[in-house]
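Architecture and fold: a report
Chain by chain, the residues:
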Amino acid sequence: MNKTVERSANVYIFRRNGKEKRPIFYLCLKISGMRHFATVVIGGGAAGIMAAGVAASRGGNVLLCERMEKPQRKVRITGKGRCNLTNLCSEEEFLAKVRCGADFFASALHRFDSEATMRFFERIGVPLTVERGRRVFPSSGKAWDIADAHVGWCRTQGVTIETHARVTEITARTGQVTGIILETAPGQSETITCKNVILATGGASYPATGSTGDGYRFAQRLGHTVTPTRASLVPLESDDPWCAEMQGFSLRNVTLTVYDEQNKAVYSDLGEMLFTHFGVSGPLVLSASAHMRDFSRHKYRLSIDLKPALDEKKLDARILRDFQKYANRDFKNALYDLAGHAMIPVLVRLSGIPEDFSGRLLEVPVGTGILTMPFYQMLPKAEITCLDYSPDMMAQ
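Please read these numbers as outputs of a predicted model, since none were measured by experiment. (Residues numbered from 1 in each chain as written. Predicted model: local features only at pLDDT ≥ 70, side-chain atom pairs only at ≥ 80, totals over all residues. Heavy atoms only, no water.)

**Some words on the overall build of the chain**
The following threshold applies: Every helix listed is a DSSP run of H or I at least four residues long, and every strand listed is a run of E at least two residues long, numbered separately from the N terminus. In this scheme, a residue with accessible area under 20% of its type's maximum is buried, one over 50% is exposed, and one in between is partly exposed, where area comes from a 1.4 Å probe on protein chains only. In what follows, a contact means two residues having at least one pair of non-hydrogen atoms within 4.5 Å. Accessible surface area values rest on a Shrake-Rupley calculation with a 1.4 Å probe, where residue burial reflects the displayed protein chains alone.
The helix and strand inventory of the chain stands at 13 helices and 18 strands. By residue count, 38% of the 396 residues in the chain fall in the buried class. Put simply, 63% of the contacts in the chain that link residues at least 6 apart link residues at least 24 apart. When the accessible surface of the chain is summed, it comes to about 22,400 Å², and 52% of that surface belongs to carbon and sulfur atoms.

Shown next as structure tokens:
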């Protein structure tokens, strides 16, 4: 059923009787009136909120339709709930990190770069802090402060924001947008006319936040070409059982390197990651996934350097110091200063050294199998065979 705004009007029918007009009867008609907006923005994420606010500030009434219960669901959980707003680097450095479409993105970044982004949010009332790696966060450490301030700014520009508002179709005639059809309730809809539609629906990566891929379908129905999509910035799955054994264990200041089937490094960086019940995740892993192509046709291997600041000589010296310090302890207990507790049982098993081996560790010459092979090749560099990206976290 198509819902419309209704209003009543009385229509009188007259008959002339000499100089006098007398009504014979009247009809009560219901006149249907559709809502009209200059611009409709579909999607209430960061892009949709910004687009709607700017459009409204330049004149014309704007409607923003968000299918979830509140705008900016994804912003509110990003950066572990802290919201890594931007990175205070140069345009050249920024574009070098854009994996696809850097040329397309360049003009937008030139007009609204990292410094402009910071000025904007500070102007609308969000104090910001620049942290290690030139990462920019709200000083409060709360992503909600970014989202609430952005949505509030959008409303002050005069934008009408409607939540639980799922657009099911964009209507067009002879290549020109004419409006949208909005689902108001199961089996009920409202037609809204407009001159412009801005698609800001996001991709299909996180349905729980509203990113269900509707934008691809809308664009395709209107005649646009939609290129094949693939997973990117996602956690990774592995069949290696020790990932699940260490689930929840985080690593900081480690170097993650991705190797393809030709043993060529396709990605390497220093940062943070964690083990999960299905494989690995965290900032380093999400970034690495953008460099990994079709998982159905290719296999990848991850190498985690747990001590990237130590070369072979320094690592051997460090191990010797620890063994001297814990000379009277079992092998497994001599590793507490070198690795996290959750990782030690895995490292001991992979090394092939009995966990209760003790007493004579310092008598083993450096460079033999026990010190050099297990510790330099295995302990500081744990390897994972990556089988696929993981949709588990995305679907939660």
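**Looking at helix α5 (residues 114-123)**
The test is simple: Polar contacts here mean pairs of N or O atoms no more than 3.5 Å apart (in protein, one a potential hydrogen donor and the other a potential acceptor; neighbouring residues in sequence count only if both atoms are side-chain atoms).
Within α5 the residues assigned to the buried category are Ser-114, Ala-116, Thr-117, Met-118, Phe-120 and Phe-121. Those residues of α5 hidden inside the fold are in contact with α1 (46-57), β6 (86-87), α3 (91-96), β7 (128-131), β8 (135-138) and α6 (143-156). With a side-chain oxygen positioned 3.3 Å from the backbone nitrogen of Glu-115, the residue opening α5 is Asp-113. Following α5 by one or two positions, Gly-125 adopts a phi angle in the positive range, close to 105°.

**So, the pairing of strand β11 (residues 176-185)**
So the rule is basically this: By the convention used here, strands pair only if DSSP detects at least 2 bridges between them.
Across 7 bridges, the pairing between strand β10 (residues 166-173) and β11 is antiparallel. For Ile-170, the partnering residue across the bridge sits in β11 and is Ile-180. With antiparallel pairing between neighbouring strands as the criterion, β10 and β11 make up a hairpin whose turn holds 2 residues, including Thr-174 at a positive phi of roughly 50°. Relative to strand β12 (residues 188-199), β11 runs antiparallel, the two sharing 6 bridges.

**What about the nonpolar core?**
The test is simple: Take the buried Ala, Val, Leu, Ile, Met, Phe, Trp, Tyr and Cys residues and link them wherever side-chain atoms come within 4.5 Å; each set so joined is a nonpolar core.
By size, the foremost hydrophobic cluster in this structure holds 37 residues, and its most contacted members are Leu-251, Leu-256, Met-273, Phe-275, Val-280, Ile-304 and Met-343. Looking at this core, the elements with two or more residues in it are α8 (241-245), β14 (250-259), β15 (265-275), α9 (283-289), β17 (300-305), α10 (312-325) and α11 (344-351). Each residue touching Leu-256, except ones within four places of it in the same chain, is listed here: Tyr-267, Ser-268, Asp-269, Met-273, Leu-284, Val-285, Ala-288, Leu-302, Ser-303 and Ile-304. Counting residues in hydrophobic clusters, the runner-up holds 26 residues, among them Val-75, Leu-85, Phe-120 and Val-126.

**Comments concerning the confidence of the model for the chain**
The predicted coordinates should not be examined in detail at positions where pLDDT is low. What counts here: pLDDT is defined as a per-residue confidence score from the predictor, taking values between 0 and 100.
With 82% of its residues at a pLDDT of 70 or more, the chain has an overall mean of 82. With pLDDT under 50 throughout, residues 1-15 is counted as low confidence; its partners more than four residues away or in other chains account for 49 contacts. For the stretch residues 362-396, pLDDT sits under 50, and the model shows 117 contacts to residues farther than four places along the chain or on other chains.

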